[in-house]
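Residue-level structure breakdown
For reference, the chains in residue letters:
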Amino acid sequence: MTIPRPARAGGLHRRTLPNGLRVVVVPHWPTPRTAVAVHYGVGFRAERPGQEGMAHLFEHLMFRGSESLPDGAFYDALHPVAGAANGTTHQDYTDYFQTVPAQALEQALFREADRMRAPRFVPDQLASQLAEVAREIEQMRDGRPYGGLPWPLLPQVMFRGFASAHDGYGDARRLALVTVEDCARFFEAYYAPSNAVLTVVGPHRAEDVWPLVERHFGDIPGRAPAAAPPLDEPPLTEDRVLHRTDPRVPRTAVAVGHRLPDPAVGPEAYVARMVLAELAQQAAAVEAGAPVSASCGFFGPLDVRGTDALVVTSVLPPDLTADEFLGRLTAFWERLGDAQAVSESAADAARSLAARLRREHADLEQRCRALGRAELLFGRPELVDELPDLVASVTPADLADAAAELASAPRAILVLGEGAGTPGGATARAGSGTVAEASAATEGETPAGGEGKAPAGPGPQIWRGAEALARTPRGPRPLPSLGRAAGPRLDGAVEIAADGGPRILAVLDRRAGQVEVRLRVPLGPDGWRRPAEAAWLLRHADAATGASARVRRLGGRLGVATGGQWADIAAWAPREAYQELLGVVAGLLTPPRFPDAFPASAIAAAPRLSPEQRMDQALRLQWLGGAAAEPLAPAGLHSRMLAPRGAVFVVVGDVDPERSVDQAASALRPWQASAAAPEPPSGTGTGTGTGTGMASPAVLVLREPSAGDTVALTLCAPEPDGAGGVGGAPDLPARYLTTALFGGHYGARLAERCRRLGRAGHVMLAGRDVVAGRARALVRVTAPRAEAARAVCDVAEEAVALAAAPPGRDELDTVRRYCAAQLLSAFDSPGLLADALRHTTGSGRGLDWVISRPQLLDAVTGDEVAAAAAHLFVPTTETVVALGAIELDWLTTELAIRQ
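I will try to describe carefully the structure that is included in this document. Since this is a predicted model, take the numbers as computed values, not measurements.

Focus: the overall build of the protein
Helix and strand counts for the protein come out as 32 helices and 24 strands. Its C-alpha radius of gyration of 29 Å places the protein within 12% of the 29 Å reference for a compact globule of 899 residues. Considering only C-alpha atoms, the protein reaches an extent of 75 × 70 × 60 Å along its principal axes. Scored against the burial criterion, the 899 residues of the protein give a buried share of 57%. By sequence separation, contacts in the protein at least 24 residues apart represent 84% of the contacts at least 6 residues apart. Of the roughly 34600 Å² that the protein leaves accessible, carbon and sulfur atoms contribute 52%. The averaged location of the 104 negative side-chain charges in the protein is 2 Å from the averaged location of its 90 positive side-chain charges.

Considerations on the environment of Thr-893
Relative to the helices and strands, Thr-893 is located in helix 32 (residues 888-898). Using a relative accessible area of 44% as the deciding quantity, one classes Thr-893 as partly exposed. When the C-alpha atoms of Thr-893 and Phe-44 are compared, they prove to be 56 Å apart, with 849 residues separating the residues in sequence. At 2.8 Å, the side chain of Thr-893 forms a polar contact with the backbone oxygen of Asp-889.

Describing the packing of helix 9 (residues 267-288) against helix 13 (residues 383-392)
Contact pair helix 9 / helix 13: the axes reach a minimum separation of 9 Å and the direction vectors enclose 75°. The angle between the axes of helix 9 and helix 13 places the two elements in the roughly perpendicular class. Residues Val-271, Met-274 and Val-275 of helix 9 lie in contact with helix 13, whose contacting residues are Leu-387, Leu-390 and Val-391. When the residues that make up the contact of helix 9 with helix 13 are grouped by side-chain class, the tally is six nonpolar, no polar and no charged.

So, the environment of Ala-791
Residue placement: Ala-791 occurs in helix 27 (residues 788-804). Distance from Ala-791 to Leu-538, taken between C-alpha atoms, is 38 Å for residues 253 residues apart in sequence. Those residues in contact with Ala-791 that lie beyond four places of it in its chain are His-762, Met-764, Val-781 and Ala-783.

Here we look at helix 12 (residues 364-378)
Helix length check: helix 12, at 15 residues, gives a terminal C-alpha distance of 21 Å against a target of 21 Å (1.5 Å per residue), a fit within 8%. A large share of helix 12 lies buried, amounting to 12 of its 15 residues. Within the span of helix 12, buried status applies to Leu-364, Arg-367, Cys-368, Arg-369, Ala-370, Leu-371, Gly-372, Arg-373, Ala-374, Glu-375, Leu-376 and Leu-377. Its side-chain oxygen 3.2 Å from the backbone nitrogen of Glu-365, Asp-363 forms the N-cap of helix 12. Note on helix 12: the residue one or two positions beyond its end, Gly-379, has a positive phi of about 70°.

A word on the pattern of salt bridges
For side chains bearing opposite charge, pairing can occur when the charged atoms are close. Within this structure, the stated rule accounts for 66 salt bridges. With its nearest N and O atoms 3.7 Å apart, the salt bridge here joins Arg-356 to Glu-360. Here Glu-360 and Arg-356 lie together in helix 11 (residues 343-360), a separation of four residues that amounts to about one turn. In this structure, the salt-bridge partner of Arg-380 is Glu-386, at a minimum N-O distance of 2.8 Å. Relative accessible area serves as the criterion here: at 31%, Arg-380 is assigned to the partly exposed category. Taken together, the shared-partner salt bridges in this structure form one network comprising Arg-359, Glu-516, Arg-518, Arg-520, Asp-568, Asp-835 and Arg-838.

Let's talk about the pairing of strand 1 (residues 13-16)
As paired strands, strand 1 and strand 2 (residues 22-26) are joined by four bridges and run antiparallel to one another. By the bridge assignment for strand 2, Arg-14 is matched with Val-24.

Some remarks on the sheet that holds strand 19 (residues 648-653)
Pairing is mixed across the open sheet formed by six strands, whose spatial order is 14-15-19-16-18-17. Since the sheet does not close on itself, it has two edges, and those belong to strand 14 (494-497) and strand 17 (557-562), each with one partner. On average, adjacent strands in this sheet sit at an angle of 10° to one another, irrespective of strand direction. Judged from the nine bridges that link them, strand 16 (residues 514-522) and strand 18 (residues 566-574) form a sheet pairing that is antiparallel. Bridge pairing in strand 18 places Glu-516 opposite Trp-572. Strands strand 15 (503-508), strand 16, strand 18 and strand 19 of the sheet are contacted by helix 29 (residues 830-842), whose axis makes an angle of about 155° with strand 19.

A look at the packing of aromatic side chains
Summed over the entire model, instances satisfying the criterion amount to 23 aromatic pairs. Seen in terms of ring centroids, Phe-58 and Tyr-191 are 4.7 Å apart; in terms of plane orientation they differ by 45°. Their pairing is tilted. One end of the pair, Phe-58, is in helix 1 (residues 54-61); the other, Tyr-191, is in the loop between helix 7 (180-190) and strand 6 (196-201), and 133 residues separate them in sequence. Phe-58 gets classed as buried once you look at its relative accessible area, which sits at 0%. A relative accessible area of 0% means that Tyr-191 is categorised as buried. Arranged with centres 6.2 Å apart and planes meeting at 15°, the rings of Phe-63 and Tyr-75 form a pair that is stacked.

Observations regarding the sheet that holds strand 22 (residues 763-771)
In any sheet, the strands associate via hydrogen bonds between backbone groups, in a parallel or an antiparallel arrangement. Within the open sheet, the five strands sit side by side as 20-24-21-23-22. Their pairing is mixed. Each edge of the sheet is formed by a strand with only one pairing partner; in this case those strands are strand 20 (698-703) and strand 22. Along the sheet, successive strands turn relative to each other by an average axial angle of 20°, direction set aside. In the packing of helix 25 (residues 732-743) onto the sheet, the strands contacted are strand 22 and strand 23 (774-784), and the crossing angle to strand 22 comes to about 150°. Helix 32 contacts strand 20 and strand 24 (879-884) of the sheet and is inclined by roughly 145° relative to strand 20.

Quick notes on the packing of helix 12 against helix 13
Axes are the key here: two packed helices are described by the angle between their axes and the distance separating the axes. It is at 9 Å that the axes of helix 12 and helix 13 come closest, and there the two elements cross at 95°. In terms of orientation, helix 12 and helix 13 fall into the roughly perpendicular class. Note on element contacts: helix 13 touches helix 12 through Leu-383, Val-384 and Asp-385, opposite Arg-367, Ala-370, Leu-371, Ala-374 and Phe-378. Looking at the contact of helix 12 with helix 13, its residues break down into six nonpolar, no polar and two charged.

A few points about the nonpolar core
By size, the foremost hydrophobic cluster in this structure holds 75 residues, and its most contacted members are Tyr-40, Leu-57, Phe-58, Leu-109, Tyr-191, Leu-198 and Phe-217. Here this core takes seven residues from helix 7, the largest share from any one element. Within the second largest apolar cluster, 56 residues are counted, among which are Val-494, Val-515, Val-585 and Val-651.

Cut-offs and rules
Note on numbering: residues in each chain are counted from 1, in written sequence order. Totals for whole chains, interfaces and linings use all residues, but because this is a predicted model, local features are given only for residues with pLDDT of at least 70 and pairs of side-chain atoms are given and counted only at 80 or more. Side-chain figures throughout are based on the complete set of non-hydrogen atoms in the structure, without hydrogens or water. Segments assigned H or I by DSSP are reported as helices when at least four residues long, segments assigned E as strands when at least two residues long, and all are numbered from the N terminus. Only the C-alpha atoms count toward the radius of gyration. The rule for a globule is 2.2 Å times the residue count to the power 0.38. The rule is simple: take the accessible area with a 1.4 Å probe, protein chains only, and divide by the maximum for that residue type; under 20% is buried, over 50% is exposed, in between is partly exposed. Contact definition: two residues touch when any of their heavy atoms are within 4.5 Å. Surface exposure here means Shrake-Rupley accessible area, sampled with a 1.4 Å probe, where a residue is shielded only by the protein chains that are shown. Just so you know, the count uses Lys and Arg for positive and Asp and Glu for negative, and it drops His and the chain ends. We put the charge of a Lys on NZ, of an Arg on CZ, of an Asp on CG and of a Glu on CD. Here a polar contact means two N or O atoms within 3.5 Å. Within protein one must be a hydrogen donor candidate and the other an acceptor candidate, and residues neighboring in sequence count only if both atoms are side-chain atoms. Note on geometry: axes are lines fitted to C-alpha atoms, helical ones only across the stretch in contact, with angles between N-to-C directions running from 0 to 180 degrees. We call two directions roughly parallel when the angle between them is under 35 degrees, roughly antiparallel when it is over 145, roughly perpendicular when it lies between 65 and 115, and oblique otherwise. Residues are grouped as follows: nonpolar covers Ala, Val, Leu, Ile, Met, Phe, Trp, Tyr, Cys and Pro; charged covers Asp, Glu, Lys and Arg; every other residue, Gly included, is treated as polar. Each residue after the first adds 1.5 Å to the expected span of a helix. Think of a salt bridge as a Lys or Arg side-chain nitrogen and an Asp or Glu carboxyl oxygen that are within 4 Å of each other. Two strands qualify as a pair provided DSSP detects at least 2 bridges between them. Here the aromatic set is Phe, Tyr and Trp, taking the six-membered ring for Trp, and pairing holds for ring centres within 6.5 Å; pairs whose planes are under 30 degrees apart are stacked, those over 60 apart are edge-to-face, and all others are tilted. What we call a nonpolar core is a set of buried Ala, Val, Leu, Ile, Met, Phe, Trp, Tyr and Cys residues that are connected through their side-chain atoms within 4.5 Å.

Treat this as a map of the structure, not an account of what it does.
In structure tokens:
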């Protein structure tokens, strides 16, 4: 894809509609998808006493219905085009955002306008969302150790005013008193066009976007929103300390909050603290003696109006007390107060943060949300593109001044530790200064809305009830049709493949001014049989070469991982560091000397595998004929599992494709010259793809007594080779479409079967991948333990039905549209594109498959889908892998009974 460097500040278009709605449009953004966001100037700091949690509850309700899209119909046209929508609640705003194919822009605008104009609040939807919010409060705050760390507990220590100090989650029992009329009043108070910002980022021309905005938002009546509550906070004059006890926490945790300057008043001082947080994230753990997490802002930088906090959190090791940690943290800030001593680390941190900001804001959704947030809070959306340069310009002297202030200024301290009290119970004692009370209310203020009283709050003097609010004089409006599509392009892409070496491809993408690199290597039989040792080898190579640290100093990131099938190296850095980045990656492939034997910790420190990975590993060993018979020394295993044959190397970024491919080939040449591993086996799978389902399945059971009443299943079979295999099969488009139709999209056959038959708790997803060097078709199933055999039968019967009766044109067209739209999400950011190309080429397909897939899918017939179903999914019940509290004999017997 040849993606031109987009215009930055000059590419922003801004208007304000007569009703007060501010609009930001970024045209010609190089992607085939569009992002739409609406930010409303109401968050949990707008809540009054007794309203705690109302802003978050309201965010949930805004998805549940409006005049033209009642009863959850918001998603009806979104899912068929593989669109996504969500919302989040913050201190000073709530944002709602959608990402859709470019042709669905008008539909996205319609959805946002309809709920801004006439939301529909009804008792049953309110009840369901109250239950959902109660579950979220339990999962995120009350039901897990460290659930309130650092938010919402630390603000209670740091601030005195109710707006900033109270808990934005609220209390589920009090929220249960909310009525639909309360919701209508809240909407009228805060969800006015003049209290909102609409942002559109996509490939469209600005002159094509403005008429659509006017059409859907222009007739929404304007009104004045409720006044914002006072947010002024007195400065801290001494440390404020709160100790809370929770017997569930295994170790003491500490959160420290330092007041941040108002970025609207002192942007330079604020940005310096952003760099300090980055530096603390990188270096403070060594000096503090404990892992450290640091952030500028409770929810990220530049996320509130006025004051926020630089937050440092840590879960302490058993031999470190909270006081010792606090002393070391202060010493760390004091050391950073010497500009000369920290000049190099300061420059590294500024460079790293600036690069990460550029990368984040090259992502379609994140860019759209950041622009809207900057407009709403500061009236300057261009700040999004100015911020990386502001960060990069921070000097060691700026950093030293900020650090010296942190070392001496009063701070808020939360200590969460094991104790005899009830979970969440608070005790307070004096630290070096005053005592912070457990209550979030302003001193001397009694929260309103106690037990038996619905939340109170501001509202307009004249307001419409919930029923009137959901009706407009014009009535429900029809959903607009789709517009013109913007297809993906990979113009200028370069690909080479050397005999016995890696396949290398490069794509030009200028959105971030950076370069993304991905290397994927099949582990081969030796690595597949030794997954724990393979994972340890990659971690050891990273540590021995200092790869991650070296890339961080370049201003980027590097990660290594194994999922059982592949060794993956993923990295990114500024474009000017591409050559150095290549050297770091190549060094991982030919690291320094290994120890003579694997340490005992190699197995103990193996990465935790998901249930799916555990089932795949069991299947992998079966297909390979068992685990490794002989031990291998680390050096021997490394050379045999990281061989260049079958590897792919992907480059996406602001570099010349032809030159970058040559540079990559040169950097990898020493690795390519090394001895290759043995050819991967062809596999020993069962079946030939011509069965009728449920014929003497091979059953593997992984006992997991703690799994409860739910069992996870993987049903699979090798793909038949007769049609050409996974990469070059002539019927590849039919296989792809069949997989989506059977179990890979929102209305798939398996999902519809579960709904039709009332299979509560059953989830079924179909796919195709590679295991132990063999392409396979699979179905992942989650089901109640007692219904595991029934679920297997459901898959078998649905596969046979699809193979016997070709699907009709309407069903095929629905799935084609979904698949074509889903493909476009890979182009949302350079990093996602690199990931998608790694997956595609690692599976044996070429770049042409990415671009030509929609046209190839259009040519697939129903008969071809039925034939593909017979080859792919009818045989999948021949191998069943189960994980859960289930017995092999029982499952085998149940399957035999249901044959």
